[in-house]
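# Structural description and commentary
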Amino acid sequence: MKKTIYLLILLLSQQIIFSQKKLISGKIMDNITQKGVYNAHIYSSKLGEGTITNADGNFYLIVAKNDVLHLSCIGYEKQFIRLSDNDTGNLVIKMKQKVESLDEIIINAKTLTANGIMSNVFENFKKNHYVEPVNYNFYNRVIKYTKDSTLTSIEEYVGTIKQNWLHSTKYNIEKGRLKYLTKDSIKKLKDHRIISMDKMYIDNIYKYREDYINKKGLKNYTYKLLGRTKFLDRNCYKISFYTDKSTYYKRGILYIDMQDFAVTRKILFDSDNEVLNDITFKKENKKWYLKKSEDFHTGYDSPNLIEKRITLYNYVNTENTNSNFITLTSRDFSTQFTSDFNDKFWENKNFITLPNWIREQLK
């Protein structure tokens, strides 16, 4: 009897919490240029979940009643916005550009060398980044387009991902939606969609610990302290790395938390200095968890075709997860996961709003 009453109370409390949630939309702009700010992070203080702005500065986010939004973006002052009961959409938020103090950068440069900072990163790596097994709720988008920005296909998925120390990342896909815009994109997406989707496993920084975040990196890479900055409300060192040795990732930039010496962001570049990978980590429950990943790739069978994957992560306590996980195979990508782009299901999910250049081509 007591167990039944407890379950009823739990269900009632969940219904009350859900009824207090709502989806809001808005745009973040530079207060000087009046242009949209890309890659600004917006978090709900009550729900703990977040999203980022698209190329036009637009965003969607599920929030709670009387919520407070936390806004942050490199190069801008952090900001807090208290929502009213009437706030649902068309919020216009202007962010102020931030000028770093040169004196502060010089002082920090004298305090620690780049190699000294990286040595601290290696020593604290397991304490900061060993978070497996770990589950995340995720939103994942993969788009393919030509170099003249002609969209050929788009796919989106939401669900839960389970990562562990083995090469056995598993997924619980709640729903997906697809759109083909060219005749050959159907075949290309069918041939490579598992590769595109399953790239999420490489975001796990501890499992795939590249040489530049390993002790031997001090011998093979040249590290340079560029200064310090704020990232997701944390004070960070900004360090570049480079090697002329034969390795896949030759150059990039790392944002290192000044307190924990954790990696808060890593950006990898190709030989033409174009971004290949951009991954963000955020501290929760004394560990550093994935929050966002962007991955760029030239088409598998066409040098004119570009593939971009972007994934949002929200950490989930493994003890409270009862999802049915699968390993991705071609069989798993059936119509049971697929809906069209007008499905109302997507209005209640934290997803990254489509940029205008994609919206126009989907009409």
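Here goes a summary of the coordinates provided. Keep in mind that what you see is a predicted model, and the values were worked out from it rather than measured.

## Here's the deal with the overall build of the protein
Assigned secondary structure in the protein consists of seven helices and 18 strands. Burial analysis of the protein (363 residues in total) assigns 48% to the buried set. Long-range contacts, defined as pairs at least 24 residues apart, comprise 58% of the intrachain contacts of the protein with a sequence gap of at least 6. For the protein, the accessible area works out to roughly 18900 Å², and carbon and sulfur atoms hold 51% of it.

## Side note on the sheet that holds strand 2 (residues 41-44)
Pairing is antiparallel across the open sheet formed by four strands, whose spatial order is 3-2-5-6. Edge positions in the sheet fall to strand 3 (50-52) and strand 6 (79-82), since each has one partner strand and no second. Strand-to-strand twist of the sheet, defined as the mean angle between neighbouring strand axes without regard to direction, takes the value 20 degrees.

## Concerning unusual backbone geometry
Although it is not a glycine, Asn-66 sits at a positive phi angle of roughly 55 degrees. With respect to the element layout, Asn-66 can be found in the loop between strand 4 (58-63) and strand 5 (68-72). Of note in this structure, Ser-149 is not a glycine but carries a positive phi near 65 degrees. With respect to the helices, strands and loops of the structure, Ser-149 is situated in the loop between strand 8 (134-146) and strand 9 (151-163). For Ser-149, a relative accessible area of 38% puts it in the partly exposed group.

## Points about the pattern of salt bridges
Where charged atoms from two side chains of opposite charge come close, those side chains can pair. Scanning the entire structure with this criterion turns up 13 salt bridges. Lys-283 is paired through a salt bridge with Asp-260; the nearest N and O atoms lie 2.7 Å apart. Linking Lys-283 in strand 15 (residues 275-284) with Asp-260 in the loop between strand 13 (251-257) and strand 14 (263-269), this pair joins segments that are 23 residues apart in sequence.

## Thoughts on the nonpolar core
Tyr-212, Tyr-223 and Ile-256 are the most contacted members of the largest nonpolar core, which totals 40 residues. Per-element accounting of this core gives the leading share, five residues, to helix 3 (residues 114-123). In this structure Ile-256 touches Ile-117, Met-118, Val-121, Asn-235, Cys-236, Tyr-237, Ile-239, Phe-261, Ala-262, Val-263 and Thr-264, once residues within four positions along its chain are discounted. Counting residues in hydrophobic clusters, the runner-up holds 16 residues, among them Leu-61, Leu-69, Leu-91 and Ile-93.

## Here's the deal with the environment of Gln-259
Looking at where Gln-259 falls in the secondary structure, it is placed in the loop between strand 13 and strand 14. In sequence terms Gln-259 and Arg-234 are 25 residues apart; their C-alpha atoms lie 8.6 Å from each other.

## Re the packing of aromatic side chains
Tallied over the full model, the rule gives 13 aromatic pairs. Note on Tyr-130 and Tyr-206: the rings are 4.9 Å apart at their centroids and 70 degrees apart in plane angle, and the pair reads as edge-to-face. With Tyr-130 in the loop between helix 4 (125-129) and strand 8 and Tyr-206 in the loop between helix 5 (183-198) and helix 6 (217-220), this pair connects stretches of sequence that are 76 residues apart. Classification of Tyr-206 by relative accessible area gives partly exposed; the value is 22%. Taken together, a centroid distance of 6.3 Å and an interplanar angle of 85 degrees make the contact between Phe-138 and Tyr-171 edge-to-face. With Phe-138 in strand 8 and Tyr-171 in strand 10 (residues 170-180), this residue pair connects regions lying 33 residues apart in the sequence. Of the two residues, Phe-138 and Tyr-171, neither departs from the other in class, the shared state being buried. Three or more aromatic residues link up through ring pairs in this structure, and these residues are Tyr-136, Tyr-289, Tyr-313 and Tyr-315. Here the guanidinium or amino end of Arg-209 rests over the ring plane of Phe-125, the centre of that ring lying 3.9 Å away. Seen from the ring of Tyr-43, Lys-282 lies directly overhead, with NZ or CZ sitting 4.9 Å from the centre.

## Topic: the side chain of Asn-314
Tracing the backbone shows Asn-314 in strand 17 (residues 305-316). Exposure remark for Asn-314: the relative accessible area of 8% places this residue in the buried category. With residues near it in sequence (within four places) discarded, Asn-314 still touches Gly-48, Glu-49, Gly-50, Asn-135, Tyr-136, Asn-137 and Lys-291.

## What to know about helix 3
Listed as buried for helix 3 are Ala-114, Ile-117, Met-118, Val-121 and Phe-122. What you see down the axis of helix 3 is that its buried residues fit within an arc of 140 degrees, all on one side.

## Considering the sheet that holds strand 4
Spatially, the three strands line up as an open sheet ordered 4-1-7, and their pairing is mixed. Looking along the sheet, the strands with just one partner apiece sit at the ends: strand 4 and strand 7 (91-95). Each neighbouring strand pair of the sheet contributes to a mean axis angle of 35 degrees, computed without reference to strand direction.

## Examining the pairing of strand 7
The side-chain alternation of strand 7 yields one buried face, formed by Leu-91, Ile-93 and Met-95, and one unburied face, formed by Val-92 and Lys-94. The pairing of strand 1 (residues 22-30) with strand 7 spans five bridges and is parallel. Of the residues in strand 7, the one forming a bridge with Gly-26 is Leu-91.

Calculation rules
Residues numbered from 1 in each chain as written. Predicted model: local features only at pLDDT ≥ 70, side-chain atom pairs only at ≥ 80, totals over all residues. Heavy atoms only, no water. Helix = DSSP H or I, 4+ residues; strand = E, 2+ residues; numbered from the N terminus. Buried < 20%, exposed > 50% of the residue type's maximum accessible area, 1.4 Å probe, protein only. Contact = heavy atoms within 4.5 Å. Areas by Shrake-Rupley, 256 points an atom, 1.4 Å probe, with all protein chains shown as cover. Pairing = 2+ DSSP bridges. Axes fitted to C-alpha atoms, helices over the stretch in contact; angles between N-to-C directions. Salt bridge = Lys/Arg side-chain N within 4 Å of Asp/Glu carboxyl O. Core = buried A, V, L, I, M, F, W, Y, C linked by side-chain atoms within 4.5 Å. Phe/Tyr/Trp six-rings, centres within 6.5 Å; stacked < 30°, edge-to-face > 60°. Lys NZ or Arg CZ within 6 Å of the ring centre and 35° of its normal. Arc of directions from axis to C-beta.

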